[in-house]
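Chain residues, written in single-letter form:
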Amino acid sequence: MSKIIDPTQNHRVTWEGCSVLLDINDGDRVVFARLSPASTLKVGKKNCSLKPLIGCPFGSVFRLEDGKDGPYLSRVLQPEEVNDSQEKEGPVSEDISKDNREIIDNNTAQSLNGEDIDAMRRQGATGDEIVEALIANSATFEKKTTFSQEKYRVRKQKKYAPRVLLRRPFARSICEAYFKKYPSRIRSLRFDSLSLLLSMANVAAYSDILVVDMVGGLLTGAVAERLGGAGYVCNAYMGVTPYPMDIVRIFNFSEEICKRILQCCAKDLLPDRSNNCDQVMDQTTRVCDSTTLPKERASSCESLSNSVCMEVDIAVRNNGVPEVIANESSNHVTKTAKNVKAGDKASKEMIMSWMERGFSSLVIAAPDLDVWSILQELLPLLSYSAPFAIYHHFLQPLATCMHHLQIQKMAVGLQISEPWLREYQVLPSRTHPCMQMSSFGGYILSGIRICGDESCS
């Protein structure tokens, strides 16, 4: 059995050329970046290099500080975080009698002004020292409750001592980042809906999964991540041009896993039903043309592997495809590790093998296309008793598809699920549901393919 992961590469530690997810100030801003000595990150009005992040384990916390050569990211050691957590979990009983009713917000409680803070910065004061000075010169800080004091400290820390959390990009973190900023780019596919979609389709190792992905490659990457290099992912497309898979490159897949992510036209998988497939293609040509990349845009997306920093909250062009913003030093050119491109065209031998054995599962996330037309063509490619799952952000297309499947006796165990998620804040004496939550996560139609013909019996 061939080794899937290179033993010389520690995937718990960043390396030059890898993609990372930078969480600035506890989710206030989320940035996807590719690490290199020339890559930079803008925090507030300051630009700092991402070179200190290379070689650090995922989960590390960095603090923005001012140095002689300009702002830089300094790693925060773990003991400081432990001490902070111990201070936050201090006794709350002493603060029961306090409240904020006597505090009047008239902007006169703080004795320090902007000139004093600028003078402290010129003298080399760190962000934490400025925060402590603001607390010491606040006339109302001691009158606040413990919870209000913590909020005040966090608010000042975000302004004068911002922190950056180094996160490893995987299916949940990538889905959360896109859903938080621009859910339309992934068709409002929430991370709990994505996990339910994979579970309903029984995506597991040593399987051949047929995928129709029109959510930017998020579904394809999540399936490949769950397979772990044991099995194949066939990303089928209905038109002439494959659907974009830019998000797959953020997963940092190894070369072995990238080789198992293949693309194939649905017409090649259905040679005996090419006429029906052509009708489906003609029906969805306008949608496919609006969601696929032109040749000019395809060349720009090819340069994504050479870019160093791209932000989630970025501009959107007229055709709805996000525009990548790269921050790279023009005077300093470095060679970063080139990512292996996933999504090669499936060979004829592999297509014949899939047609003979059948796929293990079918996963569809194409809300812009007609669900029943796609399923009618692709369901016969599954082996008998194979599960399938379809995501859509509207209920009626899935209900219509479910009705046709029941009439034609093509599947059993049909059900439509609506995921529901509520996030809770868990803090000492402050555990409650978050004030803002997502009220909608789409719908999922799942079932098991059977043979409805009398000849099968």
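**Q** Quick rundown of empty space enclosed by the protein? Include the residues and the values.
**A** Applying the stated criterion to the full structure yields one cavity of 30 Å³ or more. Lining the largest cavity, in full, are Ala224, Leu227, Gly229, Gly231, Val233, Ile257 and Arg260. Breaking the lining of the largest cavity down by element, the ones donating at least two residues are helix H7 (218-227) and strand E9 (231-237). Residues that form the lining of the largest cavity fall into these classes: four nonpolar, two polar and one charged.

**Q** Mind laying out the sheet that holds strand E13 (residues 361-365), listing which residues take part and the relevant values?
**A** Note on sheets: strands pair through backbone hydrogen bonds, and any given pair is parallel or antiparallel. Read across the sheet, eight strands follow the order E12-E10-E9-E8-E13-E14-E18-E15 without closing on themselves; strand pairing throughout is mixed. At either margin of the open sheet sits one strand with a lone partner, and together these are strand E12 (344-345) and strand E15 (411-417). One ladder, built from five bridges, connects strand E8 (residues 207-213) with E13; its direction is parallel. Pairing of Leu210 across the sheet is with Leu362, part of E13. Here helix H6 (residues 191-200) sits on the sheet in contact with E13, strand E14 (387-392), E15 and strand E18 (443-449), set at roughly 155 degrees to E14.

**Q** Could you give me a rundown of helix H5 (residues 171-181), with the residues and numbers involved?
**A** Where H5 is concerned, the buried positions are Ala171, Ser173, Ile174, Cys175, Ala177, Tyr178 and Phe179. In this fold, the buried residues of H5 make contact with strand E1 (19-24), strand E2 (29-34), strand E7 (163-167), H6 and H7.

**Q** A description of the nonpolar core should follow, citing residues and the corresponding values.
**A** Counting 43 residues, the largest nonpolar core has Leu210, Leu269, Leu375, Phe388, Ile390 and Leu405 as its most contacted members. A per-element tally of this core places helix H14 (residues 371-378) first, with five residues. Beyond its immediate stretch of four places on either side in the chain, Leu210 contacts Cys234, Ala236, Leu269, Phe359, Ser361, Leu362, Val363, Leu378 and Leu381. By size, the runner-up hydrophobic cluster in this structure holds 42 residues, among which are Val215, Met245, Val363 and Ile444.

Quick notes on the rules
- Residues numbered from 1 in each chain as written.
- Predicted model: local features only at pLDDT ≥ 70, side-chain atom pairs only at ≥ 80, totals over all residues.
- Heavy atoms only, no water.
- 1 Å grid on protein atoms, 1.4 Å probe; cavity = no way out; pocket = protein on both sides within 12 Å on 5 of 7 lines; lining within 4 Å.
- Points joined across faces, edges and corners; volume = space filled by probe spheres on them.
- Helix = DSSP H or I, 4+ residues; strand = E, 2+ residues; numbered from the N terminus.
- Nonpolar A, V, L, I, M, F, W, Y, C, P; charged D, E, K, R; others polar.
- Pairing = 2+ DSSP bridges.
- Contact = heavy atoms within 4.5 Å.
- Axes fitted to C-alpha atoms, helices over the stretch in contact; angles between N-to-C directions.
- Buried < 20%, exposed > 50% of the residue type's maximum accessible area, 1.4 Å probe, protein only.
- Core = buried A, V, L, I, M, F, W, Y, C linked by side-chain atoms within 4.5 Å.

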